[in-house]
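The lines below spell out each chain.
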Amino acid sequence: MNLPKVTGIVAEYNPLHNGHVYQLNKAKELSGAEALIVVLSSDFVQRGEPAFLSMHERAKLAVLHGADLVLELPALFSCGNAGIFADSAVKLSAATGIVKTLSFGMEDPDWDLISAASILVEEPDSFKFLLKKNLESGFSFAEARVNALDSCVPGAASKLAGSNNSLALNYAAAIIKNHCEISLVPVQRTGTAHDTSDLSEVYASSSALRNMLRENNLTAVKSFVPEKSAQVIKENLNSGTAYISHDRLWTALRPLLLRSSSEDFFKTAEISEGIENKFIAEALSAGSFDEWLERCTSRRYPKGRIRRQAMQLLLGTDRWTRYASQRLGVPYIRPLAMNAAGRELLKIMKETAKLPVIAKCGDAKFSAYAEKIMQYDLLASELRRGFLPCGNCGTAHAEKIYIAD
């Protein structure tokens with residue numbers, strides 16, 4: 001079969017801004033791709049909170065700005081740590097049978113990712129020794145791994161200070177570990193750093209934009225997002241379907257924290273080491289999610305890790321599903337949005353895909369594991385809806401695939 005040249009992108013578009021549009025265009029240019037497939041985070045994103053816009057709205061915007069086909073990365077994977085997020089997204093991309101290059105932004109696109117990633121995958125004795133030593137010294141796992149890698153690959157720590165470099169390293173490691181026939185196409189990141197409030201003339205991070213929107217500053221946001229994105233953001237703000245406040249989330253999370261035992265924490269979020277006692281104690285007096293998060297944050301438990309574990313508590317994931325999902329990966333390919341070229345890609349994937357392609361949530365009943373993943377995914381979507389001003393609940397299962405004209 002004569003396959004089209006397809007490049008994959010892993011994204012969240014939370015929300016989609018000018019930097020994302022630049023990367024979509026540059027990825028296609030640098031890879032020489034005929035089409036782009038985006039693997040998009042679900043309604044719970046990697047930083048550990050509900051997405052600002054629903055995955056269906058973000059998927060639509062991706063297609064309107066250069067993507068041909070958007071596939072969902074379900075909640076149990078999209079709300080995992082960087083390793084789980086990258087590994088599952090890479091395996092899902094490879095499972096299409098047509099994604100042969102993966103493009104992503106980097107602060108240092110000339111860095112030799114493969115050499116550094118090989119250390120992480122092969123874990124030579126020197127690396128394992130240093131990793132264990134760093135963990136025993138009280139470093140978080142992420143810090144311990146970076147320090148150990150820096151001793152094996154001098155300069156790695158300075159490179160991994162860039163969040164995009166760090167995620168890129170996880171993509172490369174996933175490709176090596178899973179023996180994927182996918183080449184890397186890094187794109188020089190433009191504008192401000194990820195997860196900061198810094199601004200440039202035309203680029204701002206998604207975090208900075210969400211902060212502006214929480215302050216009701218849509219006018220300022222319009223300078224940093226394409227027109228269609230600004231329109232969708234405005235519509236969702238007006239309809240109460242944009243997630244802009246943690247208030248309702250905290251109302252649900254706080255009683256859950258207070259009534260949970262150490263065993264409950266371990267079964268769901270795999271929290272131990274006594275930190276669960278601090279989570280409970282701080283929930284007694286914290287007046288908001290952000291205040292509770294600030295009080296619980298430590299070197300070993302940074303904010304992102306705590307937020308993700310809070311989401312696991314809300315989802316109530318059981319230990320079997322958590323371990324199975326990390327071992328087995330995403331069990332199906334679920335399209336969220338496409339254009340005419342994307343429809344042709346789906347036709348090709350009927351022959352090339354290594355996973356079932358499903359059109360409706362009910363199609364995931366082909367296996368107990370797939371159905372379980374879908375149940376948690378629908379729960380994440382319904383939880384997000386319950387935290388919205390509009391409270392538009394009960395319809396996540398009925399969302400339709402967006403098809404651009």
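The present account deals with the structure reproduced in this document. Computed from a predicted structure; not experimentally measured.

**Description of the overall build of the protein**
1) Next: Within the protein one finds 20 helices and nine strands.
2) Next: Its C-alpha atoms give the protein a radius of gyration of 20 Å, within 12% of the compact-globule value 22 Å for 405 residues.
3) Next: Within the protein, the proportion of its 405 residues that are buried is 53%.
4) Next: Across the protein, the fraction of contacts at a sequence separation of at least 24, relative to all contacts at a separation of at least 6, is 73%.
5) Next: By element, 51% of the accessible surface of the protein is carried by carbon and sulfur atoms, the whole surface being about 17,200 Å².
6) Next: When the 46 basic and 45 acidic side-chain charges of the protein are each reduced to a single mean position, those positions are 3 Å apart.

**Looking at the pairing of strand S6 (residues 99-106)**
1) Next: Of all eight residues in S6, seven are buried; the element is thus mostly enclosed.
2) Next: Relative to strand S7 (residues 183-188), S6 is paired through six bridges, and the arrangement is parallel. Note on S7: the bridge partner recorded for Met 106 is Gln 188.

**Details of the nonpolar core**
1) Next: Formed by 91 residues in total, the largest nonpolar core has its most connected members in Leu 149, Leu 169, Leu 253, Leu 257, Phe 279 and Trp 292.
2) Next: Setting aside anything within four residues of it in sequence, one finds Trp 292 in contact with Trp 250, Leu 253, Leu 257, Phe 279, Glu 282, Ala 283, Ala 286, Ile 306 and Ala 310.
3) Next: If you look at the next biggest cluster of nonpolar residues, it comprises 35 residues, including Ile 9, Tyr 13, Val 21 and Ala 230.

**Description of the side chain of His 246**
1) Next: You can see His 246 is positioned in the loop between helix H12 (227-239) and helix H13 (247-259).
2) Next: Among the residues examined, His 246 registers a relative accessible area of 12% and is labelled buried.
3) Next: Only 2.7 Å separates the side chain of His 246 from the side chain of Tyr 243, close enough to count as a polar contact.
4) Next: When near neighbours in sequence (up to four residues on either side) are disregarded, His 246 contacts Glu 49, Arg 214, Phe 289 and Asp 290.

**Structural notes on the pairing of strand S8 (residues 335-338)**
1) Next: The pairing of strand S5 (residues 69-73) with S8 spans three bridges and is antiparallel. Each residue of the ladder has a partner; that of Leu 71, found in S8, is Pro 335.
2) Next: Here S8 runs beside strand S9 (residues 402-403); their pairing, made up of two bridges, is parallel. Its bridge partner lying in S9, Met 338 is registered against Ile 403.

**Comments concerning the environment of Ala 337**
1) Next: With respect to the helices, strands and loops of the structure, Ala 337 is situated in strand S8.
2) Next: We classify Ala 337 as buried; its relative accessible area is 0%.
3) Next: Note: C-alpha distance between Ala 337 and Ile 401 (64 residues apart in sequence) is 5.3 Å.
4) Next: In this view, Ala 337 contacts Ala 59, Lys 60, Val 63, Asp 68, Leu 69, Val 70, Ile 401 and Tyr 402; residues no more than four positions away in its chain are not counted.

**Brief notes about the pattern of salt bridges**
1) Next: All chains considered together, the criterion is met by 20 salt bridges.
2) Next: In this structure, the salt-bridge partner of Glu 57 is Lys 60, at a minimum N-O distance of 3.4 Å. In this pair, Glu 57 and Lys 60 both sit in helix H2 (residues 55-64), three residues apart, roughly one turn of the helix. For the residue pair Glu 57 and Lys 60, the accessibility class agrees, reading buried in each case.
3) Next: Residues Glu 282 and Lys 278 are paired through a salt bridge, measuring 3.0 Å at the closest nitrogen-oxygen approach. Of this pair, Glu 282 and Lys 278 both sit in helix H15 (residues 275-285), four residues apart, which is roughly one turn of that helix.
4) Next: Lys 278 gets classed as partly exposed once you look at its relative accessible area, which sits at 32%.
5) Next: Through salt bridges with shared partners, a single network forms among Arg 47, Glu 49, Arg 210 and Arg 214.

**Quick look at the packing of aromatic side chains**
The way to describe two aromatic rings as a pair is by their centre distance and the angle between their planes.
1) Next: By the definition in use, this model includes nine aromatic pairs.
2) Next: Aromatic pair Tyr 22 and Tyr 203: ring centres 6.4 Å apart, planes at 70 degrees, arrangement edge-to-face. Within this pair, whereas Tyr 22 is found in helix H1 (residues 18-31), its partner Tyr 203 is found in the loop between S7 and helix H10 (206-214), the two being separated by 181 residues in sequence.
3) Next: Residue class for Tyr 203 comes out buried when judged on its relative accessible area of 19%.
4) Next: Among the aromatic residues, those joined into a ring-pair cluster are Trp 250, Phe 265, Phe 279, Phe 289, Trp 292 and Tyr 301.
5) Next: When the ring centre of Tyr 323 is taken as origin, the NZ or CZ atom of Arg 322, which lies over that ring, is 5.2 Å away.

Criteria and thresholds
Residues numbered from 1 in each chain as written. Predicted model: local features only at pLDDT ≥ 70, side-chain atom pairs only at ≥ 80, totals over all residues. Heavy atoms only, no water. Helix = DSSP H or I, 4+ residues; strand = E, 2+ residues; numbered from the N terminus. Rg over C-alpha atoms; globule rule 2.2 N^0.38 Å. Buried < 20%, exposed > 50% of the residue type's maximum accessible area, 1.4 Å probe, protein only. Contact = heavy atoms within 4.5 Å. Areas by Shrake-Rupley, 256 points an atom, 1.4 Å probe, with all protein chains shown as cover. Lys, Arg positive; Asp, Glu negative; His and termini not counted. Charge placed at Lys NZ, Arg CZ, Asp CG, Glu CD. Pairing = 2+ DSSP bridges. Core = buried A, V, L, I, M, F, W, Y, C linked by side-chain atoms within 4.5 Å. Polar contact = N/O pair within 3.5 Å; in protein donor to acceptor, adjacent residues only side chain to side chain. Salt bridge = Lys/Arg side-chain N within 4 Å of Asp/Glu carboxyl O. Phe/Tyr/Trp six-rings, centres within 6.5 Å; stacked < 30°, edge-to-face > 60°. Lys NZ or Arg CZ within 6 Å of the ring centre and 35° of its normal.

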